[in-house]
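Coordinate analysis (summary)
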Amino acid sequence: MSDDSPSEPRTFARDALETVAIVVAVGAVLFAVSGVWPPMVAIESGSMQPTLERGDLVVVTAEGRYGGPAADDYGVVTANESEGYGRLGGPGDVVVYDAPSHPTPIIHRAVFWVEDGENWYDRANESYASGADSCAELLNCPAPHAGYVTRGDNNDYYDQAQGIASPVRPDWVRAKGQFHVPHLGALRLEAQKLF
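Structure report, in brief. (Residues numbered from 1 in each chain as written. Predicted model: local features only at pLDDT ≥ 70, side-chain atom pairs only at ≥ 80, totals over all residues. Heavy atoms only, no water.)

Examining the overall build of the chain
Counting secondary structure elements, the chain contains two helices and eight strands. Element order for the chain, N to C, with α for helix and β for strand: α-β-β-β-β-β-β-β-β-α. For a compact globule of 195 residues, the expected C-alpha radius of gyration is about 16 Å, and the chain comes in at 21 Å, more than 25% above that figure. Projected onto its principal axes, the C-alpha coordinates of the chain cover approximately 85 × 35 × 25 Å. When each of the 195 residues of the chain is scored for burial, the buried share is 42%. (Helix = DSSP H or I, 4+ residues; strand = E, 2+ residues; numbered from the N terminus. Rg over C-alpha atoms; globule rule 2.2 N^0.38 Å. Buried < 20%, exposed > 50% of the residue type's maximum accessible area, 1.4 Å probe, protein only.)

Okay, structure coming up:
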């Protein structure tokens, strides 16, 4: 029997506590920098391809942090107002939002802002209006409330034109994407399947 055996449990406990302390410290730093928890999201669909692929990990921040030169009162830069600023492979900000009509958060680009009651068909890119020829034929037009018109970079339609969400209210926005790490989110997606 070794003389070191009584200290092995203490060494294990100390190592475990150090590991937990490091994880907590890293989490605290990530929260302090990003302003949101969790500070990363995994991409679950192909709606933002080719910039974001299923399984990519996106580092996100609170919407009011690290805004561009044309950020609105909520800290979001829309694609139509971006003035050369962009994130994640395109103009403007990519936002993570919770739509009451959708079971999971959505990560899509904020394209432009609409006011309550606005006929936004005239400002929309006709190719993303799902074949509508006027506001009367376009879902969520006139706008039922103020918010962002959004679109996945790989989608041929605005989220609002397909009924995915009405204009995205600022309080639905949970975060905005800053940069991504390819494939790292696949681990999280696989772990979700287990629970």
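Some words on the environment of L138
Position of L138 relative to the elements: it lies in the loop between β6 (106-114) and β7 (147-151). In this structure, the C-alpha to C-alpha distance between L138 and W120, residues 18 residues apart in sequence, is 9.3 Å. Aside from chain neighbours lying at most four places away, what touches L138 is W120, Y121, A129, A132 and A161. (Contact = heavy atoms within 4.5 Å.)

Some points on the nonpolar core
Within soluble globular proteins, side chains that are nonpolar tend to cluster in buried spots. The biggest cluster of nonpolar side chains holds 15 residues, and the ones touching the most others in it are F112, W120, Y121, L138 and Y158. Top contributing element to this core by residue count: β6, with three residues. Among all residues touching Y121, those that are not within four sequence positions of it are E126, A129, A132, D133, S134, C135, L138 and C141. One finds M48, V58, V96 and A175 within the second-largest nonpolar core, a separate group that totals 13 residues. (Core = buried A, V, L, I, M, F, W, Y, C linked by side-chain atoms within 4.5 Å.)

With respect to a nonpolar patch on the surface
A cluster of nonpolar residues, I22, V26, L30, F31 and W37, forms a patch on the protein surface that exposes about 520 Å² of accessible area. Position of I22 among the secondary structure elements: in helix α1 (residues 7-34). (Patch = residues over 30% accessible without salt bridge, like charges linked within 9 Å, V, L, I, M, F, W, Y side chains within 5 Å. Areas by Shrake-Rupley, 256 points an atom, 1.4 Å probe, with all protein chains shown as cover. Salt bridge = Lys/Arg side-chain N within 4 Å of Asp/Glu carboxyl O.)

Here's the deal with the pairing of strand β5 (residues 94-97)
Side-chain alternation along β5 places V94 and V96 on one buried face and V95 and Y97 on a second face that is also buried. The pairing of β5 with β6 spans four bridges and is antiparallel. The partner of V96 across the bridge, within β6, is I107. Note that β5 and strand β8 (residues 173-181) share three bridges and pair antiparallel. Paired with Y97 across the bridge in β8 is V173. (Pairing = 2+ DSSP bridges.)

Digging into the pairing of strand β2 (residues 57-61)
For β2, the buried fraction is high: five of the five residues fall into the buried class. In the sheet, strand β1 (residues 40-42) pairs with β2 via three bridges, with the strands oriented antiparallel. Its bridge partner being in β2, A42 is matched across the sheet by L57. Where β2 lies against β8, five bridges are found, and the strand directions are antiparallel. Along β8, the bridge assignment pairs V58 with H180.

Things to note about unusual backbone geometry
In this chain, Q49 is followed by P50 through a cis amide linkage whose omega measures 5 degrees. Take P50: it is sitting in the loop between β1 and β2. With an omega of 0 degrees, the peptide bond between C141 and P142 qualifies as cis. Among the secondary structure elements, P142 is positioned in the loop between β6 and β7. Residue L88 is not a glycine yet carries a positive backbone phi of 55 degrees.

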